[in-house]
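Okay, here's what each chain looks like letter by letter:
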Amino acid sequence: MESTKTTDVEYFHKVVDCQHACPAHTPVPEYIRLIAAGKYTEAYVVNWESNVFPGVLGRTCDRPCEPACRRGRIEEEPVAICRLKRVAADFKDDITPYLPDIPLIKNGKRIALIGGGPASLTVARDLAPLGYEIHLYDENHKGGGMMRTQIPSFRLPATVLNEEVDRILDFGIHTHFNKYVGSLAEIINENYDAVFIGTGAPKGRDLHIEGREEGKASIHIGIEWLAGVAFEHIKSIKPNVIVLGGGNTAMDCCRTARRLGGENVKVVVRSPFAEMKASPWEKEDAQHEDIPILDNHVPKRFVVEGGILKGMAFEKVHAVLDENGKRQLLPTGDPEVFIEADEVLIAIGQENTFTWIERDLGIEFDKWNMPVVDPNTFVSTRTNVFFGGDAALGPKNVITAVAQGHQAAISIDLFCNGVNVNERPAPDVKFFSTKMGIHEWSYDNDISNDQRFIVPQADKAKTLKDRLKEVELGFDLQTAFKEAERCLNCDVQTIFTDDKCIECDACMDVCPTNCITFTAYAEESELRKNLSAPALNLQQDLMVSGALKTGRVMVKDEDVCLHCGLCAERCPTAAWDMKQFLYNTAKAGHTCSVAL
Amino acid sequence: MSYIKPKFHHPLLPKNNLGYTRKDYEGSISTLCAGCGHDSISAAIVEACFALNVEPHKVAKLSGIGCSSKTPAYFLQNSHGFNSVHGRMPSVATGANLANCDLVYLGVSGDGDSASIGMGQFVHVVRRNLNMVYIVMNNGCYGLTKGQDSATADRGSISKGGDATLFEGIDLCSLAIELGATFVAQSFSGDKSQLVPLIEAAMSHRGFALINVLSPCVTFNNNPGSTKSYTYVREHNEALGNIDFVPVGNEITTTYNEGESVQVTMHDGSKLRLNKIDNQWDPQDRLSIISALKTAQQKHEILTGLLYVDKDSVPLHVKLNTTETPLNQLQEDKLCPGNNRLQEINVGLR
């Protein structure tokens, strides 16, 4: 295998597992260090630059960063990254001084954003400071999109959402609220320079089985019902409720139902419990609110008697792997299960709907009726129409919508400046040594032994009575500090300089997790077996030096490196250095070159 | 600030037959200079004890004074330890060994501790063939007192101060062989593939086992002109051949050509396989190694590997016919047989 190119920015980006896993590539260790230093405002700004909605995401993010967290590979649990983000949002001061200036004199380009959710708002945030005149259309009377209509207030208080949405709208965005766009042609005819479509996946999937029509008065589509609750059209639900589905929407539905009068709320899901799409912590929260989750139940029919919904019949199944290793749900042969219900909420998935886009505008659609969108530039087959968020590549989550919004904003800016949208600007990368003395580094390299701290919750008796009362209380500052100290600072990178090494083995001997080996050069598959500890995690790279004086190479398995800096501390020739690596994805209007 | 090793370890660390990982044989974090050869030797000791399935509580670490003698703090944190007076570790080891021969005695010393202040003790522990492993971490200078030349510095070797050594260096291996040592090896801290099996073999040897390990002092004696620098030792290292240590119960897996390989069965049944490079030399022939060492010296080569082994070695305990039961396990009537017995002995001496 070839020696690792220490000039390869993407190699080091991958080492920062959390940041790499984050769709928006938020510099996680950077803001966690700021939190540990008590700089909450700065930590918030680092987040805001990258993910636009730190307060929202600190409560509701799907947290792709946490399963990736290196800490989860050396002990039980990853760092509570998401909830630390909330700490920054909760304890920040006024961030106005950090906000970009919005030019009073515009650059003459007009952009339409359709849909007022996270993707469109991200585009607005990125383009408004560059002088674009931005028009945002949404069918509701407030911005926020699904963050407002689908995420219940007990998880995301309206004040938090309003603050982060309004901050962007205050950048001089022309809002066209209560305006449902029924025709894209109409918008295009208004001669915008570019149109961005961030209309999400607004259609809840229905369940067409026996009794659906007869029972329709008591059967609701989950996301529509949640929106009804959010806008206070729906204020109550009957005592016996079945929620169908195993995703996060189902969890939000059942917990909301508990607060609106649902006394006996059950979640019923086809798949086994472990395979449910909902995040583990959301399942836990539902169960904590006395909501049983019945898995392996396939809905057969709604039981309606005399026009009144009585309940639902289910077939019990179990998961079996077929000969191709594919999971199948086969009937167990048990008798049908009847579950009593006064109302049913269907939360079995969401779909896009593009009936409002005329098919003669040059925007190509695929066989699933999804627009053909470039996954890097988010441009459609019509050069001035861009997509982002759930509308672009199908339903994902808020953080993905934000990441796509950033990319679409770059494309729109390039397009409006007559530049090829495929000429993407490079990320902004800074690399600097953290060495301050023999045993001193500019980051805290003492590895905390603490286990993950639990976020306290408000009293259940109170939260179940008030759907606006937030359940999670967030970390207090002392706990936040301790949790922040669990971060391994993976962005402080171990940098090896071949020609300084005298092969004294000091780094190899001291490494607490046996990451470093000096060995004969071999192919990667062979090397992985020959190291001090086997390198079986193929997701994690090996850092391989060039040939050293004895002809051997230094091999470092990145997998469980604690970034404690002991290798660098025990190195007599400074062949190892701990360099902080700050990686910020490019933004619209900033074309930064890579500096190493 | 990092003076404490993180407690986390690699989740896939292999375990030995006792269920221990290498981590269980480690010690506190080293306070020696970064890059010190001694730290590599500590790591080699850890590796050897792990591989040999040594029970940590069955080891006694002994040392004198010096950088080398600090190292027992950095390995085998669950073993017994005694940090003795400068150069007097052999006396303490002798006493401990006679009192309890159930333990593995692992002496760690330096060139100052063994070849200067402790030379008198060193030569006697060699000739008495005390059952112990005696590792000399030899860097040719007094690192702890700012790097003055030590007695093992080769004549003409230049230390960091810039002056060439005026006197002949003491070659501890030649000396030990001269004094009748039964196991003599020489190695280099930067070559664990050789050092680890040598330590394993030394621990299996019944009798005095000397390993003289060239261990560069990065701070005071790693400069051009020094004959104990990483670069010099690497360039002048003449390994006598590959060494494989095969513990009891394990099968020999490597094969060497007939005539080039020597196999020595140790007292405990473990085996040493040596792949010889030099045909003039036989590890069981004292004369051949003396000649090989002299020749190497003339050619400015450093011979490393197992230099000499006497598998029929008779250790001190056997020679003195002293009890093999540790004194701490003998009852009072055995330890102190009483006045009548004393009178009988006295009568026998009249």
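What you see is a predicted model, and the numbers here were worked out from it, not measured in a lab. (Residues numbered from 1 in each chain as written. Chains lettered and ligands numbered in written order. Predicted model: local features only at pLDDT ≥ 70, side-chain atom pairs only at ≥ 80, totals over all residues.)

Asks: Let's hear about the overall build of chain B: which residues, and what values?
Replies: Counting its secondary structure elements, chain B contains 12 helices and 13 strands. Along the first, second and third principal axes, the C-alpha atoms of chain B reach 70 × 50 × 45 Å. Buried positions account for 49% of the 350 residues belonging to chain B. The contacts in chain B between residues at least 6 apart in sequence include a share of 70% that link residues at least 24 apart. (Helix = DSSP H or I, 4+ residues; strand = E, 2+ residues; numbered from the N terminus. Buried ≥ 20, exposed ≤ 12 C-beta atoms within 10 Å, placed from the backbone. Contact = placed C-beta atoms within 7 Å.)

Asks: Explain the overall build of chain A to me, and be specific about the residues and the numbers.
Replies: Along chain A, the regular secondary structure elements total 22 helices and 22 strands. Relative to a compact globule of 596 residues, whose C-alpha radius of gyration would be 25 Å, chain A shows 26 Å and is just as compact. With respect to the principal axes defined by its C-alpha atoms, chain A has extents near 90 × 65 × 50 Å. Taking the contacts inside chain A whose residues are at least 6 apart along the sequence as the reference set, 72% of them involve residues at least 24 apart. (Rg over C-alpha atoms; globule rule 2.2 N^0.38 Å.)

Asks: Residues and numbers for the sheet that holds strand E13 (residues 302-309) of chain B, please.
Replies: Residue and element names in this part refer to chain B. The strand order across the open sheet built from eight strands is E2-E1-E3-E4-E8-E7-E13-E9, with neighbouring strands paired in mixed fashion. Unpaired on one side and paired on the other, strand E2 (80-83) and strand E9 (237-239) mark the two borders of the sheet. The average angle at which neighbouring strand axes cross in this sheet is 20°, direction not considered. In this sheet, E2 lies alongside strand E1 (residues 59-63) in parallel orientation, the contact comprising four bridges. (Pairing = 2+ DSSP bridges. Axes fitted to C-alpha atoms, helices over the stretch in contact; angles between N-to-C directions.)

Asks: Tell me what's going on with unusual backbone geometry, and back it up with residues and numbers.
Replies: All names here are of chain A. Look at Asp290: it is not a glycine, yet its phi comes out positive at around 60°. Note on placement: Asp290 falls in the loop between helix H15 (280-288) and strand E9 (293-294). Even without glycine at this site, Ala574 takes up a positive phi of about 55°. Relative to the assigned elements, Ala574 resides in the loop between helix H22 (566-569) and strand E22 (576-584).

Asks: Explain helix H17 (residues 398-416) of chain A to me, and be specific about the residues and the numbers.
Replies: All names here are of chain A. Here H17 contains 19 residues, and its C-alpha end-to-end distance of 26 Å stays within 8% of the 27 Å for a straight helix at 1.5 Å per residue. Of all the 19 residues making up H17, 18 are buried; the element is thus mostly covered by neighbouring parts of the structure. Looking one or two places after H17, you find Gly418, whose phi comes out positive at around 75°. (Expected span 1.5 Å × (residues − 1).)

Asks: Can you break down the nonpolar core residue by residue, with the values?
Replies: Within the largest apolar cluster, 216 residues are counted, with the highest numbers of intra-cluster contacts made by A:Ile35, A:Leu127, A:Phe196 and B:Leu210. Per element, the largest residue contribution to this core is 11 residues, and it comes from H17(A). Looking at which domains feed residues into this core, each of domain 1 (10-97 + 445-458 + 467-485) and domain 2 (101-202 + 352-416) of chain A gives three or more. When residues no more than four places from it in sequence are discounted, the contact partners of B:Leu210 are B:Tyr134, B:Leu172, B:Ala176, B:Ala181, B:Phe183, B:Val184 and B:Ala185. (Core = buried A, V, L, I, M, F, W, Y, C linked by C-beta atoms within 7 Å. Domains from an automatic or database assignment.)

Asks: Run through the pairing of strand E18 (residues 492-496) of chain A, naming residues and quoting values.
Replies: Residues and elements named next belong to chain A. Of all the five residues making up E18, four are buried; the element is thus mostly covered by neighbouring parts of the structure. By the bridge criterion, five bridges tie E18 to E22 in an arrangement that is antiparallel. Looking at the pairing, Gln493 lines up with Lys579 of E22.

Asks: Quick rundown of the packing of helix H14 (residues 248-259) of chain A against H15(A)? Include the residues and the values.
Replies: Residues and elements named next belong to chain A. Two numbers describe how H14 lies on H15: the axes approach to 10 Å, and their chain directions differ by 20°. One finds that H14 runs roughly parallel with respect to H15. For the crossing formed where H14 meets H15, the hand is left-handed. Mapping the contact onto sequence places Asn248, Met251, Cys254 and Arg255 in H14 and Glu282, Lys283, Asp285 and Ala286 in H15. When the residues that make up the contact of H14 with H15 are grouped by side-chain class, the tally is three nonpolar, one polar and four charged. (Parallel < 35°, antiparallel > 145°, perpendicular 65-115°, else oblique. Left-handed = near helix turned anticlockwise from the far one by under 90°. Nonpolar A, V, L, I, M, F, W, Y, C, P; charged D, E, K, R; others polar.)

Asks: Which residues make up the domain arrangement of chain A, and what values go with them?
Replies: Residue and element names in this part refer to chain A. Partitioning chain A into domains gives domain 1 (10-97 + 445-458 + 467-485), domain 2 (101-202 + 352-416) and domain 3 (204-349). Relative to domain 2, the C-alpha centre of domain 1 lies at a distance of 27 Å. Each partner contributes to the interface: domain 1 provides 18 residues, whereas domain 2 provides 23 residues. For the side of domain 1 that touches domain 2, the element with the highest residue contribution is helix H5 (residues 54-60), accounting for five residues. Grouping the amino acids of the side of domain 1 that touches domain 2 by side-chain chemistry returns 10 nonpolar, three polar and five charged.

Asks: Describe in detail helix H3 (residues 28-36) of chain A, supporting the description with residues and values.
Replies: All names here are of chain A. With respect to burial, H3 is a largely interior element, nine of its nine residues being buried. For H3, the set of buried residues is Val28, Pro29, Glu30, Tyr31, Ile32, Arg33, Leu34, Ile35 and Ala36. Each element contacted by the buried residues of H3 is listed here: helix H2 (17-21), helix H4 (40-51), helix H6 (65-68), helix H8 (81-91), helix H19 (477-485) and E22. One or two steps after H3, the chain reaches Gly38, where phi turns positive at roughly 80°.

Asks: Tell me about the interface of chain A and chain B, and please be specific about residues and values.
Replies: Counting from both sides, the interface comprises 32 residues of chain A and, opposite them, 23 residues of chain B. Broken down by secondary-structure element, the contributors of at least two residues to the side of chain A that touches chain B are helix H7 (71-74), helix H20 (506-510) and H22 of chain A.

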